[in-house]
Amino acid sequence: MEPRILGKGVSKVDGVKLVTGRGGFTDDFAIPGMLYARTLPSPHAHARILRIDASKARALQGVRAVLTHEDVPRIPFTTAGQGYPEPSPYDSVLLDRKVRFVGDRVAAVAADTLAIAERALSLIDVEYEPLPALFDPEKAMEPDAPKVHDEKDTTGIHDRTRNLAASVEAQVGNVEQGFAAADLILERTYRVPHVQQVPLEPHICISYLDEDGRLVIRTSTQVPFHCRRTVARILGLPVGRIRIIKPRVGGGFGAKQEILLEDICGALTLAAKRPVRLAMTREEEFSRSRTRHPQVIRLKTGVTKEGKLTANEMTVVANTGAYGGHALTVQCCTGSKPLSLYKCPHVKYQAHAVYTNLAVAGAYRGYGCPQGYFAVESQMDELAQALQLDPIEIRKRNMVGLGDSLPMAEVLGEGKEGFHQKIESCGLSTCIEKGAHAIGWSEKRGKPGRGPILRGVGAACLMQGSAIPGVDMGSAYIKINDDGSFNLQVGATDLGGGSDTIFAQITAEVLGISPEQVVVYSSDTDLTPFDKGAYASSTIYITGGAVKKVAELIGEQIVKVASGLLSRNQSDLRFNDGSVVAPDGASVTLAQVAQHSFYTQDQFQIQATASHMSYACPPPFAAQFAEVEVDAGTGLVRVVKFVTAVDCGKVLNPPLAEGQIEGAVAQGLGYALTEELRFDEKGRIVNPNFTDYKIFTARDMPEMKTILVETHEPTGPFGAKSVAEIGINGPAPAVANAVFDALGIRFLELPITPEKILKALKERAPQEAIA
């Protein structure tokens, strides 16, 4: 049966209140007696605190609480918001006697005003013992390098003597055998930088004690339930004594899959017995939040003269910064997804996530995949050039398809061996065909033109995943109201992408109503059922599955009541336009069913809850194409047109899917051409603002074309797969390949800036790689 609601551009359930300024973000909340908190950052990249004196700060009028490492218990934890037990080291504490990067937390103050809090910070006297700092992850692994984490009470660090937060190795087949069978072997080293998620709303939280003395934290988070568990550990409170409320979120992109403020904000509330507000400034968002992992990627590939891959060997050295949240799992994804896109009998992967004294890396949309795809998709283009093949053709000869297994994804997983993965839906060939046609591939490829403005087109193929198999779980609860409307409660976290809207659509589709009859309430650890949170491209696939299940359970209860009212068999009844209808036209409204169940006979509340998890991780597929103009006089690259063709299974809300893809593309273009956090010789970020850190804005965006290629994923709700992350993976290699098509120069380091292009043109060696 053709869906009534799904597959259509239904308006967002929170759209009106957002555009009219009634969105209810964390800061849209006033509570009497609220204090304002600030934290003291370390001025050193690596130092030991020899002495700290906060007496003058405490004596300042208007200061209500001051905390240093001397005032709080030392309980190691991970800031990573992951399922328990977290696959990240417990290498953080609330406040430490050692600092490990510029901006690391030294002390915290809560005061009547922000100005008083800032003044109090300046009165805290700290004596530091500066220690040798590490900024290069490859040097940090040397045996005589200083140790970033020399404390004895941390756990889960792979090898603290080599500053290894995490390390992973996996192999399928025998790469030596694969390289021996190759007619051509290509080996390159790729480098990708620190970049920041830059959500429009910086990190912010407000904590207070409710009338029962429980700690309530209203916070802009992706992971409310993980946040509650972690804060309970840090503050020594029972989980049941903490409530986390996630209001509307102004973007997260992985940066808010961390517990960065909630712990210290809660600690200040407990100390002052007053509500406390703590927010990052934009500069602090750059320096104290999280970044994408910079990596050095060495990729060696063997191929036959016919263009068939025989071996792939990838080695990654990642800079995790001062702490190791997500260190293991991000590196697992760098290998598991990019190295699974093409069929290759012999594959080897090794990655080290290394501690340094620079800004801390963590989760960022794509979660390790943009780094890996930059290497793999650049390498595929260079192999095609060496074999005199069209870059699309070499991809077609090697790409996975329907029925194929994904052995590297199985052995790597995300921090543990995965489950058997078999592709049950794949529209990649159609994505390539439609995307190539939309960009004008055959007409434009290899025709850069003459003069200072040179033109090129480039392509990249991609896959992602849908949730972490066997780990992620989401739940949903529905009850009917007197008027036949429904309350849907989910623990899932809508970050602005529209998941609440799609949950309303799923409910409406099952129960034969309009989405407006579904009131969605999400992400309150007291009032909504458990959900692991918004990450790993899992929200619609996992929690959407739970919503579909619970709506069907509600439907069964409604039909049972309606069957008695209509004197008809349950199997003959169906939902239509807010009523239950029999084949002969007899009907009863949902309001009548609700009122009967509440007031008339065998009274009960029509309600249900359901949970969903999956051992499958169906990959969405995509082909992305870039058309660029390169000014040989200035080195400026302008992306003229960008095409993304995506197979995300059944598209449940096309405008929302397109919005996810185009937002991801904007971030990916910044990664390709403009974004890089830069540090001085002391480890300080020198561009922590939007003037000097260049993100793509509306004026920079090219002509965009998004093509949704529908397939049916049998394991997903109504055939859906994920769509949120895949669009960020391909812009960097697609643009790099397009720049090569224009200039004949290959760039192996991001971002591809005008300065690098001018330098390469000056040193030009035609068709040679420029590192």
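Residues numbered from 1 in each chain as written. Predicted model: local features only at pLDDT ≥ 70, side-chain atom pairs only at ≥ 80, totals over all residues. Heavy atoms only, no water.

Q: Help me get a handle on the overall build of the protein, residues and values and all.
A: Helix and strand counts for the protein stand at 20 helices and 28 strands. Here the protein has a C-alpha radius of gyration of 27 Å; the compact-globule value for 771 residues is 28 Å, and the two agree. Across its three principal axes, the protein shows a C-alpha extent of roughly 85 × 75 × 45 Å. Out of the 771 residues in the protein, the part that is buried amounts to 63%. Within the protein, counting contacts between residues at least 6 apart in sequence, those at least 24 apart form 79% of the total. (Helix = DSSP H or I, 4+ residues; strand = E, 2+ residues; numbered from the N terminus. Rg over C-alpha atoms; globule rule 2.2 N^0.38 Å. Buried < 20%, exposed > 50% of the residue type's maximum accessible area, 1.4 Å probe, protein only. Contact = heavy atoms within 4.5 Å.)

Q: Could you give me a rundown of the sheet that holds strand β11 (residues 242-245), with the residues and numbers involved?
A: Taken together, the seven strands give an open sheet; going across it, the order is β3-β5-β1-β12-β9-β10-β11, and neighbouring strands pair in mixed fashion. In the strand order of this sheet, the two ends are held by β3 (63-67) and β11, each with one partner. When the angles between neighbouring strand axes are averaged without regard to direction, this sheet yields 20°. With four bridges connecting them, strand β9 (residues 204-209) and strand β12 (residues 276-279) associate as antiparallel partners. Along β12, the bridge assignment pairs I206 with R277. (Pairing = 2+ DSSP bridges. Axes fitted to C-alpha atoms, helices over the stretch in contact; angles between N-to-C directions.)

Q: How would you explain the packing of aromatic side chains if you had to name every residue and give the values?
A: Applying the stated rule across the entire model yields eight aromatic pairs. A centroid spacing of 5.9 Å and a plane angle of 75° characterise the contact between W441 and F625, whose relative ring orientation is edge-to-face. With a gap of 184 residues between them, W441 in helix α14 (residues 441-444) and F625 in strand β24 (residues 621-631) connect regions that are remote in the sequence. Relative accessible area serves as the criterion here: at 5%, W441 is assigned to the buried category. Each member of the aromatic cluster is reached from another via a ring pair, and the members are F286, F690 and Y693. (Phe/Tyr/Trp six-rings, centres within 6.5 Å; stacked < 30°, edge-to-face > 60°.)

Q: Report on the nonpolar core, specifying residues and quantitative values.
A: Ranked by internal contacts, the top residues of the largest apolar core, which has 125 residues, are Y349, F625, V735 and L743. In terms of residue count, helix α10 (residues 369-387) provides more of this core than any other element does, nine residues in total. Apart from the residues lying within four places of it in its own chain, the contact partners of Y349 are V168, E169, A170, M314, V316, Q331, T334, G335, L339, M408 and L412. Counting residues in hydrophobic clusters, the runner-up holds 45 residues, among them L488, F503, V580 and A594. (Core = buried A, V, L, I, M, F, W, Y, C linked by side-chain atoms within 4.5 Å.)

Q: Quick rundown of the environment of F29? Include the residues and the values.
A: By secondary structure assignment, the location of F29 is in the loop between α1 (15-19) and β1 (35-41). For F29, a relative accessible area of 25% puts it in the partly exposed group. Separated by 177 residues in sequence, F29 and I206 place their C-alpha atoms 8.6 Å apart. Each residue touching F29, except ones within four places of it in the same chain, is listed here: I206, Y208 and R218.

Q: Would you mind going over the domain arrangement of the protein in detail, with residue names and values included?
A: Parsing the protein into structural domains produces domain 1 (15-22 + 473-613), domain 2 (31-131 + 200-251 + 256-288) and domain 3 (295-468 + 616-769). On a C-alpha basis, the centres of domain 1 and domain 3 stand 39 Å from each other. With 18 residues of domain 1 at the contact, the number on the domain 3 side is 18 residues. In terms of surface lost to domain 3, no three residues of domain 1 exceed A536, S537 and Y541, which account for 46% of the buried area on that side. Viewed at the interface, domain 3 and domain 1 are joined by zero salt bridges. Run the count over domain 1 and domain 3 and you get six residue pairs in polar contact (both at pLDDT 80 or more). Put simply, the parts of the chain that give the side of domain 1 that touches domain 3 at least two residues each are α15 (499-511) and α16 (539-566). Considering only residue class, the side of domain 1 that touches domain 3 consists of eight nonpolar, eight polar and two charged. (Domains from an automatic or database assignment. Buried area = accessible area lost by both parts, 1.4 Å probe. Salt bridge = Lys/Arg side-chain N within 4 Å of Asp/Glu carboxyl O. Polar contact = N/O pair within 3.5 Å; in protein donor to acceptor, adjacent residues only side chain to side chain. Nonpolar A, V, L, I, M, F, W, Y, C, P; charged D, E, K, R; others polar.)

Q: Go over the sheet that holds strand β19 (residues 518-522), please, and point to the residues and values.
A: Pairing in this open sheet of four strands is mixed, and the strands run β19-β18-β17-β23 from one edge to the other. On the outer flanks of this sheet lie β19 and β23 (607-613), each paired with one strand and no other. Between one strand and the next, the sheet's axes are offset by a mean angle of 20°, whatever the strand orientation. Looking at chain direction, strand β18 (residues 486-490) and β19 are connected through five bridges and run parallel. When the sheet's bridge partners are listed, F486 is paired in β19 with V518. Sheet strands touched by α16: β17 (473-480), β18 and β23. Its angle to β23, the strand with the most contacts, is close to 150°.

Q: Please set out the pairing of strand β16 (residues 453-463) residue by residue, giving values where relevant.
A: Extensive coverage of β16 is indicated by the burial of nine of its eleven residues. Examined bridge by bridge, β16 and β24 share eleven bridges and lie antiparallel to one another. Bridging from a neighbouring strand, A459 pairs with F625 of β24.

Q: Can you explain the packing of α10 against helix α19 (residues 731-743)? Please cite residues and give values.
A: For the pair α10 and α19, interaxial distance at closest approach is 8 Å and the crossing angle is 30°. In this view, α10 runs roughly parallel relative to α19, as classed from their interaxial angle. For the crossing formed where α10 meets α19, the hand is right-handed. Contacts from Y373, F374, E377, S378, D381 and Q385 of α10 reach α19 at A732, P733, A736, N737 and F740. Residue composition of the contact of α10 with α19, grouped by class: six nonpolar, three polar and two charged. (Parallel < 35°, antiparallel > 145°, perpendicular 65-115°, else oblique. Left-handed = near helix turned anticlockwise from the far one by under 90°.)

Q: How would you sum up the environment of K56? Please name residues and give values.
A: Position of K56 among the secondary structure elements: in helix α2 (residues 55-59). Here K56 falls in the exposed class, since its relative accessible area comes to 60%. Here the alpha-carbon distance between K56 and S122, two residues 66 residues apart in the chain, equals 9.5 Å.

Q: Account for the environment of F625, naming residues and giving values.
A: Note on F625: relative accessible area 1%, which makes it buried. Along the primary structure F625 and M473 are separated by 152 residues, whereas in three dimensions their C-alpha atoms are 35 Å apart. Setting aside anything within four residues of it in sequence, one finds F625 in contact with I392, C431, I432, G435, A436, I439, W441, G458, A459, K641, F642 and V643.

Q: Lay out the packing of α16 against helix α17 (residues 590-599) in plain terms, naming residues and giving numbers.
A: The N-to-C vectors of α16 and α17 enclose an angle of 90°; their axes lie 10 Å apart at closest approach. By the angle between their directions, the pair α16 and α17 is classed as roughly perpendicular. Here I558, V561, A562 and L565 of α16 lie close against α17, whose contacting residues are L590, Q592, V593 and H596. Partitioned by chemical class, the residues of the contact of α16 with α17 number six nonpolar, two polar and no charged.

Q: Pulling in residues and values, what's your account of unusual backbone geometry?
A: For the bond running from Y84 to P85, omega is -5°, close enough to zero to count as cis. Among the secondary structure elements, P85 is positioned in the loop between β3 and β4 (98-99). Cis geometry is found at the peptide bond from L750 to P751, where omega equals -5°. By the element assignment, P751 lies in the loop between β27 (746-747) and α20 (754-762). Phi is positive for S523, close to 65°, though the residue is something other than glycine. Along the chain, S523 falls in the loop between β19 and α16. Using a relative accessible area of 0% as the deciding quantity, one classes S523 as buried. Residues other than glycine seldom take positive phi values, yet D602 does so here, at roughly 45°.

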